[in-house]
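# Observations on the three-dimensional arrangement
As a plain string of letters, each chain reads:
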Amino acid sequence: MAHDHNVNPNAPLEYQSEVGRLNITGFWTFLGAEIALFSTLFASYFALQSRVGDGPTSTEMFEAGLVMIMTMLLLTSSFTCGIAIHEMRANNVKGVIIWMIITLILGAGFIGYELYEFVHYVHEGVTLSTSAHWSIFFILLGTHGLHVSIGIGWIILLLIQLARRGLTPKTASKVFISSLYWHFLDVVWIFIFTCVYLMGMVS
Amino acid sequence: MSQQTKKGHFPWKHIIGFLISIALTLVAFATALWTDWSSSTIFIIILIFAVIQAALQLVMFMHMTEGEDGGLISGNTLFGFFIAIVIIVGTYWLMTSGHMHMGMSM
């Protein structure tokens, strides 16, 4: 806790206390572990992708329009989240909260479409146990969707704290860390979009 | 408190990053759905677009290279991606070639 007072006034707010700075660096280490986690799911996806059994293929199930809507929602939410951090660096609490709420609404829209997609597939008879291909599809997409859902809950709690305590080196580093998490989920989605959806619609 | 307040500073970096991301997404989409190239050609091309877009997010939105620990963070993240590539390519190679041999011996 003694490090808390070690303030560098020339850095952006979130880097000002040593604890805040180290928390950010530590979170990047966590993201390294998340990259490894998702890589195992992608590895399984590539290995099992062709095992469709008696079930339908990706080409038969995927809808280009739905995929584009989901991608644009998440991409835009990543952008608005970046704007929230930009506002934070201009020391504007209100701006941070407003842009973060927009981010969360877009994120919730993404989750809504993903749930719609899953429910639609189940109604068409495509479930977790249809084939190895669809098992890994639901596991990979579900893990990503779960991360987004956890992110929404986490950022809501952070915003409550931010509204109560205002921008301090401590709250700023927390908001910055949550933005890293959110952007990271978009990075994962870029690869899901490319490797799962686009390649699934090619063949 | 904060000496680095940039009030009224327009977020150009974010907007440019966002526009490039949208462009890359659309070009990848068009490449995958509206060309009749072989699927491996398409895969290589859209994977390059994905890597560019991911790098853009990491550097422009996540400020990866910024701050005192920027070098450490970038090294850590690049190592993470290296591990990811080893796991994905290794698993794919092992599972596909291993399966072929199993099929032949039976």
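Residues numbered from 1 in each chain as written. Chains lettered and ligands numbered in written order. Predicted model: local features only at pLDDT ≥ 70, side-chain atom pairs only at ≥ 80, totals over all residues.

The name an unreviewed UniProt entry assigns to chain B is Quinol oxidase subunit 4, from the organism Terribacillus halophilus. UniProt annotates chain B under Function (unreviewed entry) with the comment "Catalyzes quinol oxidation with the concomitant reduction of oxygen to water." Looking at chain B in UniProt, the text filed under Sequence similarities (unreviewed entry) is "Belongs to the cytochrome c oxidase bacterial subunit 4 family." (UniProt positions renumbered as here; feature names shortened; annotations may be inferred.)

In the nomenclature of an unreviewed UniProt entry, chain A corresponds to Quinol oxidase subunit 3 from the organism Terribacillus halophilus. Entered under Subcellular location (unreviewed entry) in the UniProt record, the comment concerning chain A runs "Cell membrane". Under Sequence similarities (unreviewed entry), UniProt gives the following word-for-word description of chain A: "Belongs to the cytochrome c oxidase subunit 3 family."

This part covers the overall build of chain A. Scanning chain A from N- to C-terminus turns up seven helices and zero strands. For chain A, the sequential pattern of α-helices and β-strands runs α-α-α-α-α-α-α. Evaluated residue by residue, chain A yields a buried proportion of 45% over its 203 residues. A separation of at least 24 residues holds for 78% of the contacts in chain A among residues at least 6 apart in sequence. (Helix = DSSP H or I, 4+ residues; strand = E, 2+ residues; numbered from the N terminus. Buried ≥ 20, exposed ≤ 12 C-beta atoms within 10 Å, placed from the backbone. Contact = placed C-beta atoms within 7 Å.)

Attention now moves to the overall build of chain B. Scanning chain B for helices and strands turns up three helices and zero strands. In chain B, the order of α-helices and β-strands from amino to carboxyl end is α-α-α. Residues classed as buried in chain B amount to 24% of the 106 residues present. When contacts within chain B are restricted to residue pairs at least 6 apart in sequence, long-range pairs at least 24 apart make up 40% of them.

The next thing to look at is the UniProt feature "transmembrane region" (unreviewed entry) in chain A. All names here are of chain A. When the UniProt feature table is mapped to this numbering, "transmembrane region" (unreviewed entry) covers residues 27-46, 66-85, 97-116, 136-160 and 180-200. Annotated as 100% helix and 0% strand, the span residues 27-46 places its first and last C-alpha atoms 28 Å apart. The span residues 136-160 carries 100% helix and 0% strand; its end-to-end C-alpha distance comes to 36 Å.

Let's shift gears to the nonpolar core. A:A84, A:M88, A:V188, A:I192 and B:A28 are the most contacted members of the largest nonpolar core, which totals 72 residues. It is helix 7 (residues 169-202) of chain A that contributes the most residues to this core, 20 residues altogether. Domain assignment of the residues forming this core places at least three in each of domain 1 (1-62) and domain 2 (67-106) of chain B. Setting aside residues up to four positions removed in sequence, B:A28 forms contacts with A:T194, A:L198, B:I46, B:F49 and B:A50. (Core = buried A, V, L, I, M, F, W, Y, C linked by C-beta atoms within 7 Å. Domains from an automatic or database assignment.)

Here we come to helix 1 (residues 12-34) of chain B. Given a rise of 1.5 Å per residue, 23 residues ought to cover 33 Å, and the 32 Å separating the end C-alpha atoms of helix 1 of chain B matches this to within 8%. Taken together, the buried positions of helix 1 of chain B are occupied by B:G17, B:F18, B:S21, B:L24, B:T25, B:A28, B:F29 and B:A32. Among the structural elements, helix 4 (64-89) and helix 7 of chain A together with helix 2 (39-61) of chain B are those in contact with the buried residues of helix 1 of chain B. (Expected span 1.5 Å × (residues − 1).)

Below, the discussion takes up the interface of chain A and chain B. At the junction of the two partners, chain A supplies 43 residues and chain B supplies 46 residues. Elements with a contribution of two residues or more to the side of chain A that touches chain B: helix 1 (13-16), helix 2 (18-48), helix 4 and helix 7 of chain A. When residues of the side of chain A that touches chain B are assigned to their parent elements, the largest contribution, 14 residues, is made by helix 2 of chain A. Considering only residue class, the side of chain A that touches chain B consists of 26 nonpolar, 14 polar and three charged. (Nonpolar A, V, L, I, M, F, W, Y, C, P; charged D, E, K, R; others polar.)

This brings us to the UniProt feature "transmembrane region" (unreviewed entry) in chain B. Within this structure's numbering, the places UniProt gives as "transmembrane region" (unreviewed entry) are residues 12-34, 40-61 and 73-95 of chain B. Note that residues 40-61 of chain B is 100% helix and 0% strand, and that its end C-alpha atoms are spaced 31 Å apart.

With that settled, the discussion passes to the confidence of the model for chain B. All names here are of chain B. Here chain B shows a mean pLDDT of 85. Residues at 70 or above account for 84%. Looking at the elements of chain B, mean pLDDT is at its lowest for helix 3 (residues 70-105), recorded as 84, and at its highest for helix 1, recorded as 94. Between residues 1-7, whose pLDDT stays under 50, and residues either more than four places distant or in other chains, the model counts twelve contacts. Predicted complex, confidence summary: ipTM 0.87, pTM 0.90. (pLDDT = per-residue confidence, 0-100.)

This part takes up the environment of A:F46. In this structure, A:F46 sits in helix 2. For A:F46, a count of 19 C-beta atoms within 10 Å translates into the label partly exposed. Spatially, the C-alpha atom of A:F46 lies 39 Å from that of A:G20, the residues being 26 residues apart in sequence. Sequence-distant contacts of A:F46, defined by excluding residues within four places in its chain, comprise B:I88 and B:Y92.

Residue and element names in this part refer to chain A. Direction vectors running N to C along helix 4 and helix 7 enclose 160°, while the axes themselves pass 10 Å from each other. One finds that helix 4 runs roughly antiparallel with respect to helix 7. Judged by the sense of rotation from one axis to the other, the crossing of helix 4 with helix 7 is left-handed. Each of A64, V67, T71, L74, L75, S78, C81, A84, I85 and M88 in helix 4 lies in contact with helix 7, whose residues at this interface are A172, V175, F176, S179, W182, H183, D186, W189, F193, Y197 and M201. Split into classes, the residues belonging to the contact of helix 4 with helix 7 amount to 16 nonpolar, four polar and one charged. (Axes fitted to C-alpha atoms, helices over the stretch in contact; angles between N-to-C directions. Parallel < 35°, antiparallel > 145°, perpendicular 65-115°, else oblique. Left-handed = near helix turned anticlockwise from the far one by under 90°.)

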